[in-house]
Amino acid sequence: MKNIDYAHVVEAENIRPIKDHVLVEDMDFQAQTTKGGIILVNDDATTSGIRPRWAKVYSIGPEQEEIKVDEWVLVDHGRWTRGVLMQKPDGTEQVIRRVDFKDILAVSDKPTDTY
């Protein structure tokens, strides 16, 4: 996997966050172009990369009632943890991040073009 910032590699079949927290995967770190033609770069270490990002819900905590697994959520900029590289039972790898429910701006059945 390229261009991924992750802290550890973890093997887990069933992982679930606590309380109403949400685990996400497939977070969008690609550059985007606005309708006006402005390119928003993927480097969030600079002000030009500061923006909310879409991610797919991987798992939800037991107190979470508003979001479901496999939905897409728009997460406020920088309101996610560093990624943890998860090894799934089938041998594939996936980067998982935790977000707090209060930092989710929107929910969708599919990823949506933010700009």
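Residues numbered from 1 in each chain as written. Predicted model: local features only at pLDDT ≥ 70, side-chain atom pairs only at ≥ 80, totals over all residues. Heavy atoms only, no water.

Caption draft 1: Main features of the nonpolar core. Val22, Val24, Met27, Ala55, Val57, Ile60, Ile67, Val73, Val75, Trp80, Val99 and Ile104 together form the largest nonpolar core, which totals 12 residues. Elements with a contribution of two residues or more to this core: β2 (22-25), β5 (53-60) and β6 (72-75). When residues in this core are grouped by element, the largest group, three residues, is from β5. Residue contacts for Val99: discarding those within four places in its chain leaves His21, Val22, Val24, Val75, Arg79, Trp80 and Ile104. (Core = buried A, V, L, I, M, F, W, Y, C linked by side-chain atoms within 4.5 Å. Buried < 20%, exposed > 50% of the residue type's maximum accessible area, 1.4 Å probe, protein only. Helix = DSSP H or I, 4+ residues; strand = E, 2+ residues; numbered from the N terminus. Contact = heavy atoms within 4.5 Å.)

Caption draft 2: A look at the pattern of salt bridges. Taken as a whole, this structure holds four salt bridges when the rule is applied. The closest approach of N and O atoms between Lys56 and Asp70, which form a salt bridge, is 3.9 Å. One end of the pair, Lys56, is in strand β5; the other, Asp70, is in the loop between β5 and β6, with 14 residues separating them in the sequence. Take Lys56: its relative accessible area is 22%, and that puts it in the partly exposed class. Residue class for Asp70 comes out partly exposed when judged on its relative accessible area of 46%. In this structure, Arg79 engages Asp103 in a salt bridge whose closest nitrogen and oxygen atoms are separated by 3.5 Å. A residue pair is termed long-range when its members are at least 10 positions apart, and Arg79 in the loop between β6 and β7 (83-87) and Asp103 in the loop between β8 (93-99) and β9 (104-108) qualify at 24 residues. Taken together, the shared-partner salt bridges connect Arg79, Lys102 and Asp103 into one network. (Salt bridge = Lys/Arg side-chain N within 4 Å of Asp/Glu carboxyl O.)

Caption draft 3: Seen up close, the pairing of β5. Most of β5 is tucked away: seven of the eight residues are buried. Judged from the four bridges that link them, β5 and β6 form a sheet pairing that is antiparallel. Residue pairing across strands places Ala55 opposite Val73, the latter belonging to β6. (Pairing = 2+ DSSP bridges.)

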